[in-house]
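Each chain, letter by letter, is given below.
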Amino acid sequence: IGSTHDGISALLSEAAQASTAGEWEQANSRFQQAKQQWQQLRPWTAAITDHGPMEEIDRFFSQTEVYLQMEYLADFRVGCQALAVLTQAIGEAQDFTWWSLL
């Protein structure tokens, strides 16, 4: 599951970069892909993760989508970057490692 969250995080970083370059179509595409992947993965994540961080991610997706629609560059970029960090962190928390079994 962690690697899937890495993909979501990468898409969000790409969305932030595209918006910085003024490429709103690409920013929208990457953001929507990330949101769709998050929604598909959400039930699996909810089964093994605290719901607090998940609700924060949901809230950021909602806010950032408004920033995208309004073309608020700075707010959209910050929202995407925050989401990238949060989704990567939640993925890392779910990764199975040998030391997590101890």
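Keep in mind that this is a model prediction, so the values were computed, not measured.

1. Some points on the nonpolar core
Next up, step 1: If you look at the biggest cluster of nonpolar residues, it comprises 22 residues, and the most contacted ones within it are Leu 12, Phe 31, Trp 38, Phe 61, Phe 76, Cys 80 and Leu 83.
Next up, step 2: When residues of this core are traced back to their parent elements, those giving at least two are helix H1 (2-20), helix H2 (24-48), helix H3 (51-70) and helix H4 (73-94).
Next up, step 3: Beyond its immediate chain neighbours, meaning those up to four positions away, Phe 31 contacts Leu 12, Ala 15, Phe 61, Thr 64, Glu 65, Leu 68, Phe 76, Cys 80 and Leu 83.

2. Points about unusual backbone geometry
It is generally the case that most residues other than glycine have a negative phi and that most peptide bonds are trans.
Next up, step 1: Despite not being glycine, Glu 71 shows a phi value in the positive range, around 55°.
Next up, step 2: The residue Glu 71 is located in the loop between H3 and H4 in this model.

3. A closer look at the pattern of salt bridges
Next up, step 1: Applying the stated criterion to the full structure yields three salt bridges.
Next up, step 2: For Glu 14, the salt bridge is made with Arg 30, and the minimal N-O distance between the two is 2.8 Å. Here Glu 14, found in helix H1, pairs with Arg 30, found in helix H2; they are 16 residues apart in sequence, far enough to count as distant.
Next up, step 3: Residue Glu 14 is classed as partly exposed on the basis of its relative accessible area of 34%.
Next up, step 4: Between Lys 35 and Glu 65 there is a salt bridge, with its nearest N and O atoms 2.4 Å apart. With Lys 35 in helix H2 and Glu 65 in helix H3, this pair connects stretches of sequence that are 30 residues apart. Pair check on accessibility: Lys 35 and Glu 65 agree, each one buried.

4. Description of the environment of Leu 11
Next up, step 1: Mapped onto the fold, Leu 11 is located in helix H1.
Next up, step 2: On the basis of relative accessibility, which here comes to 11%, the residue Leu 11 falls in the buried class.
Next up, step 3: Spatially, the C-alpha atom of Leu 11 lies 9.1 Å from that of Gln 32, the residues being 21 residues apart in sequence.
Next up, step 4: What Leu 11 contacts, discounting residues up to four positions off in sequence, is Arg 30, Gln 33, Ala 34 and Gln 37.

5. Regarding the environment of Glu 65
Next up, step 1: Look at Glu 65 and you get buried, because its relative accessible area is 17%.
Next up, step 2: If near-sequence neighbours (up to four positions away) are discounted, Glu 65 is found in contact with Phe 31, Gln 32 and Lys 35.

6. Side note on the packing of aromatic side chains
Next up, step 1: A complete count under the given rule lists three aromatic pairs for this structure.
Next up, step 2: Here Trp 24 and Phe 76 contribute two aromatic rings whose centre-to-centre distance is 5.7 Å and whose plane-to-plane angle is 55°, an arrangement assigned as tilted. Of this pair, Trp 24 sits in helix H2 while Phe 76 sits in helix H4, and the two are 52 residues apart along the sequence. Comparing Trp 24 with Phe 76 shows no difference in burial state: the two are buried.

Scoring rules and cut-offs
- Residues numbered from 1 in each chain as written.
- Predicted model: local features only at pLDDT ≥ 70, side-chain atom pairs only at ≥ 80, totals over all residues.
- Heavy atoms only, no water.
- Core = buried A, V, L, I, M, F, W, Y, C linked by side-chain atoms within 4.5 Å.
- Buried < 20%, exposed > 50% of the residue type's maximum accessible area, 1.4 Å probe, protein only.
- Helix = DSSP H or I, 4+ residues; strand = E, 2+ residues; numbered from the N terminus.
- Contact = heavy atoms within 4.5 Å.
- Salt bridge = Lys/Arg side-chain N within 4 Å of Asp/Glu carboxyl O.
- Phe/Tyr/Trp six-rings, centres within 6.5 Å; stacked < 30°, edge-to-face > 60°.

By themselves, these figures tell us nothing about what the structure is for.
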